[in-house]
Each structure stands twice: as structure tokens, then as C-alpha cells.
Amino acid sequence: MVTGVGYDERMAVASYLRVYLPAERVEDLLEHVAEGKRVAPVLTRGEFGLWSESSRDDAFVIEFEGRRYVCPRHARLRMLEGLLAFRNAYGGSPVETLVPEGTAARAADELEHIRHRLPGVRSQILTSPFYVPLRWFAAFDPGERMLVQEDGEVVSILHRTLVRRASRRLRRVAEVLEAVGFEDPVVEQIEDLARWVGAFPGEAVLELDYGSVAMLFTAAELAVDETAAEVAASIDALEEDDFEQAGERYAVAASRWAHAQSLGHVN
């Protein structure tokens, strides 16, 4: 079970999309505490900025449909990739101040060294600060939603499915959006996600974890959160050319996440 903690507006919260491989495909790793007490992240300062995770080579471990699955955290790899992606995505003087050219060069060198030392290694975790991107929900069936409870109170939400199911759904969503005339950047976001998910074995497990973002909502709000169902209904309506219904269902999902997303924009 999971113990909730109070939200501090000064603290960055995040949600996660993780891929778990069948345990027999992964070398032995230290097991990370994926369930149990949740505690506020402890920020540490290093050469590449603040980091709120342990840098140990451990992993999240789950049981799904009677099978054991493992998600290596690759914390250092993810930190370096995130730093360089941030610098590339937001050019200009503010970013140059936060991530100077010399720092970026050292990060790129270390990232290259990691990939040389561990050929084929790749991040199995996507992170979103402050909210869950609505496109993530498109990978899941509404029936795959799980409420995480403690003492009878909802404290978080998980969604889990097999990668082959998620890939099929994401490809379908991209096709529907393209068919009804959505702009290329919208379709490309879904296609990018489909490529990332589809690069893993079909028997792997994809997990959407609200993580510490759940602290932005009350237990009652989490209990009635059906974002995956609303996104799925919107896509179904688009496929039937019912644009009014599609817009209404998507608006419900978007309004639920508007406050959390605004925190990300402010920060």
C-alpha cells in the first residue's frame, strides 16, 4: 500500500510512463521499493543540477498477470538525456544560463561513454513534471485503471497493459487523428510515443503511474478520475465523425488536468 504525503508547492512533482521487461530478460539488479511508503523526494545537487532520485543501478519490480517484471531505472542515463533534451528543446539565453555549453558537452561525453559501455541500453521511463500528458492515456483501455488505496482512501492511480496492446492502440489513434485532419505536430506526438513503446518486446508491460502528481488531487477527485475512458471515448467519436461528442469528452479530460498543467507552465 502507499502512504500519501502533503504537497508543497515548492516541490516539483512528476508522473511516469514505465516499461517493464519480463524478469528473465533482465540481469540481476537491486530491487527498488516500488510500493510501500511514499516519501517526498530529497533533492541533491551535482554537476548537472538538482536530482531527486537515487543514482543506484536498481529497478522497479512488479507482478502482472501472474508474471514478474522488472524496469531498470538507469537514473544517470535518464538525467543526462533529460538535461540535453531540455537544452535542445528550449534554446536561447535563459537555457544557456541554466545549461552552459561546457556543461552540455560534459553531459554528452558521459552519455556516449555509458552507451559505449552498455550497448543497447535505453531509458525505460518517461517523466512528465506536474501532470500526465493526455496522449499517455491513449495507450490504455479504461478497464486497465487501478486505484491505489490506503486505509480505504484513494491515494494514487496506475494503469498497466502489455506493450503489444498499447502499441496497437497508439497506432490506431494516430491513424484516426490523421484521417480527420489533425495537424502534423499533434499526430507526430502520438507517433513518437508509439515508436518509443513499440521498440520494446510485445510481452513487456507498460505502466502509467501518477506518481507524486497524485498529491495535487484529493482522494475524492482521484476516485472519480476516468481520464483514460474520456480520451478513449473522444477517439471513438472522432472515428465516427461525431466531432461534437469528441470535443465534449476531450474537454472533460483536459479540464481535469488544467490546474496541474498550469503549474508546469508557471515553473
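Residues numbered from 1 in each chain as written. Predicted model: local features only at pLDDT ≥ 70, side-chain atom pairs only at ≥ 80, totals over all residues. Heavy atoms only, no water.

1. Some words on the side chain of Glu144
Mapped onto the elements, Glu144 comes out in the loop between helix H4 (134–137) and strand S10 (145–150). Overall, the relative accessible area of 15% leaves Glu144 in the buried class. A polar contact of 2.9 Å, which involves the side chain of Glu144, links it to the side chain of Arg169. (Helix = DSSP H or I, 4+ residues; strand = E, 2+ residues; numbered from the N terminus. Buried < 20%, exposed > 50% of the residue type's maximum accessible area, 1.4 Å probe, protein only. Polar contact = N/O pair within 3.5 Å; in protein donor to acceptor, adjacent residues only side chain to side chain.)

2. Some remarks on the nonpolar core
Residues Phe137, Leu206, Tyr210 and Trp257 are the most contacted members of the largest nonpolar core, which totals 53 residues. With seven residues, the top contributor of residues to this core is helix H5 (residues 163–179). Sequence-distant contacts of Phe137, that is, excluding residues within four places in its chain, are made with Val132, His159, Leu208, Tyr210, Thr227, Ala228, Val231 and Trp257. Counting residues in each nonpolar core, the second largest holds eleven residues, with Tyr20, Phe60, Cys71 and Leu162 among its members. (Core = buried A, V, L, I, M, F, W, Y, C linked by side-chain atoms within 4.5 Å. Contact = heavy atoms within 4.5 Å.)

3. So, the environment of Val224
Structurally, Val224 can be placed in the loop between helix H7 (219–223) and helix H8 (227–239). Once the C-alpha coordinates of Val224 and Val154 are considered, the two residues, 70 residues apart in sequence, prove to be 10.0 Å apart. With residues up to four places along the chain from it excluded, the contact list for Val224 reads Arg145 and Arg256.

4. Re the packing of H5 against helix H6 (residues 184–198)
Close contact between H5 and H6 brings their axes to 9 Å; oriented N to C, the two are set at 165°. Our classification of the angle between H5 and H6 gives roughly antiparallel. Along this stretch, H5 crosses H6, giving a crossing that reads as left-handed. On the side of H5, the interface is formed by Val163, Ala166, Ser167, Leu170, Val173, Ala174, Leu177 and Glu178, while H6 contributes Val186, Val187, Ile190, Glu191, Leu193, Ala194, Val197 and Gly198. Taken together, the residues that form the contact of H5 with H6 break down as twelve nonpolar, two polar and two charged. (Axes fitted to C-alpha atoms, helices over the stretch in contact; angles between N-to-C directions. Parallel < 35°, antiparallel > 145°, perpendicular 65-115°, else oblique. Left-handed = near helix turned anticlockwise from the far one by under 90°. Nonpolar A, V, L, I, M, F, W, Y, C, P; charged D, E, K, R; others polar.)

5. Side note on the packing of aromatic side chains
Evaluated as defined, the whole model comprises six aromatic pairs. Where Phe64 meets Tyr69, the ring centres are 6.3 Å apart and the plane angle is 70°; that geometry is what we call edge-to-face. No difference in accessibility class separates Phe64 from Tyr69, as the two residues are buried. Aromatic side chains Trp196 and Phe200 sit 5.4 Å apart centroid to centroid with 75° between the ring planes, which places their arrangement in the edge-to-face category. Through pairs of rings, three or more aromatic residues link up here, namely Phe137, Tyr210, Phe217 and Trp257. Over the ring of Phe60 we find Arg18, and its NZ or CZ is 4.2 Å from the ring centre. (Phe/Tyr/Trp six-rings, centres within 6.5 Å; stacked < 30°, edge-to-face > 60°. Lys NZ or Arg CZ within 6 Å of the ring centre and 35° of its normal.)

6. A short note on the packing of H5 against H8
Between H5 and H8, the least distance of the axes is 9 Å, while the angle of their chain directions is 45°. When the interaxial angle is binned, H5 and H8 end up oblique. Regarding H5 and H8, the two cross each other, and that crossing is left-handed. In this structure, H5 uses Arg172, Val173, Val176 and Leu177 to contact H8, whose residues at the interface are Ile235, Asp236, Leu238 and Glu239.

7. Re the confidence of the model for the protein
For the protein, the average pLDDT comes to 81, and 66% of its residues sit at 70 or higher. Scored below 50 in pLDDT, residues 1–10 makes 28 contacts in the model with residues more than four places away or belonging to other chains. Here residues 35–45 is a poorly scored stretch, pLDDT under 50, and it has 31 contacts once near neighbours within four places are set aside; other chains count. (pLDDT = per-residue confidence, 0-100.)

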